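Residue strings, one per chain:
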Amino acid sequence: MPRIKELARKMELDRRLDDDLIADMDKADLFSIVQPKMWGGAGLGPRELPAVLETIGSADCSTAWITVFYNVHNFCLCRLPRKTQEKLYGNGESVRFAATFAPPGMAERVDGGYRITGRSPIARASGTRRTSR
């Protein structure tokens, strides 16, 4: 936490988290806390996550926000069909994903998948700068 505290003011002024800090947090698996062990995560649940967030938040709330942002999205991704999970997590790489939970748009089935129309400004918010998928 000392490093996060040390960077907090600079990150506040920059209006974004430090790139090296994000990379180091990713290497420490802090964004895969609720990701199942079979996909390289810690396999913890949403009940254990707040303790980690409180610790990180004691150093910097924005860093805690990004940590929960990626973890909640991973939690949701791990509820998708197994085949989709294999595509996302099968290569062992970190998955940092951003999505909106209530997109104001429509999905239409087309050959090969779906066509999505509408606007989704929420997915362009915090956390999307460093998504991996």
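Relevant structure appears above.
Given the structure is predicted, the values throughout are model-derived calculations rather than measurements.

(A) Representation of the overall build of the protein within the structure. Secondary structure assignment for the protein yields 5 helices and 2 strands. For the protein, the α and β elements follow one another from N to C terminus as α-α-α-α-α-β-β. The buried share among the 133 residues of the protein stands at 32%. In the protein, of all internal contacts separated by at least 6 residues, the share reaching a separation of at least 24 is 57%. For the protein, the exposed surface amounts to about 8700 Å²; the carbon and sulfur share of it is 54%.

(B) Seen up close, the packing of aromatic side chains. Counted by the stated rule, this structure contains 4 aromatic pairs. A ring pair is formed by Trp-39 and Tyr-89, whose centres lie 6.1 Å apart and whose planes are at 25 degrees; its orientation type is stacked. Remark: Tyr-89 occurs in helix 5 (residues 82–89) and Trp-39 occurs in the loop between helix 2 (19–27) and helix 3 (49–57); sequence separation between them is 50 residues. Just as Trp-39 is buried, Tyr-89 falls in that class too.

(C) View of the environment of Leu-21. Position of Leu-21 among the secondary structure elements: in helix 2. Residue Leu-21 is classed as buried on the basis of its relative accessible area of 4%. With 18 residues separating them in the primary sequence, Leu-21 and Arg-3 have C-alpha atoms 8.4 Å apart. With residues up to four places along the chain from it excluded, the contact list for Leu-21 reads Arg-3, Ile-4, Leu-7, Met-11 and Thr-63.

(D) The arrangement of helix 3 in detail. The set of residues buried in helix 3 consists of Leu-49, Leu-53 and Ile-56. Buried residues of helix 3 fall within an arc of 65 degrees about the axis and therefore sit on the same side.

(E) The arrangement of the pairing of strand 1 (residues 105–110) in detail. Among the 6 residues of strand 1, 0 are classified as buried, and the element is accordingly described as predominantly exposed. Taken together, the 6 bridges between strand 1 and strand 2 (residues 113–118) define a ladder with antiparallel strand orientation. Residue pairing in the sheet places Ala-107 in a bridge with Ile-116 of strand 2. Counted along the chain from strand 1 to the antiparallel partner strand 2, the turn is 2 residues long, and its residue Gly-112 has a positive phi close to 85 degrees.

What counts, and at which threshold
Residues numbered from 1 in each chain as written. Predicted model: local features only at pLDDT ≥ 70, side-chain atom pairs only at ≥ 80, totals over all residues. Heavy atoms only, no water. Helix = DSSP H or I, 4+ residues; strand = E, 2+ residues; numbered from the N terminus. Buried < 20%, exposed > 50% of the residue type's maximum accessible area, 1.4 Å probe, protein only. Contact = heavy atoms within 4.5 Å. Areas by Shrake-Rupley, 256 points an atom, 1.4 Å probe, with all protein chains shown as cover. Phe/Tyr/Trp six-rings, centres within 6.5 Å; stacked < 30°, edge-to-face > 60°. Arc of directions from axis to C-beta. Pairing = 2+ DSSP bridges.

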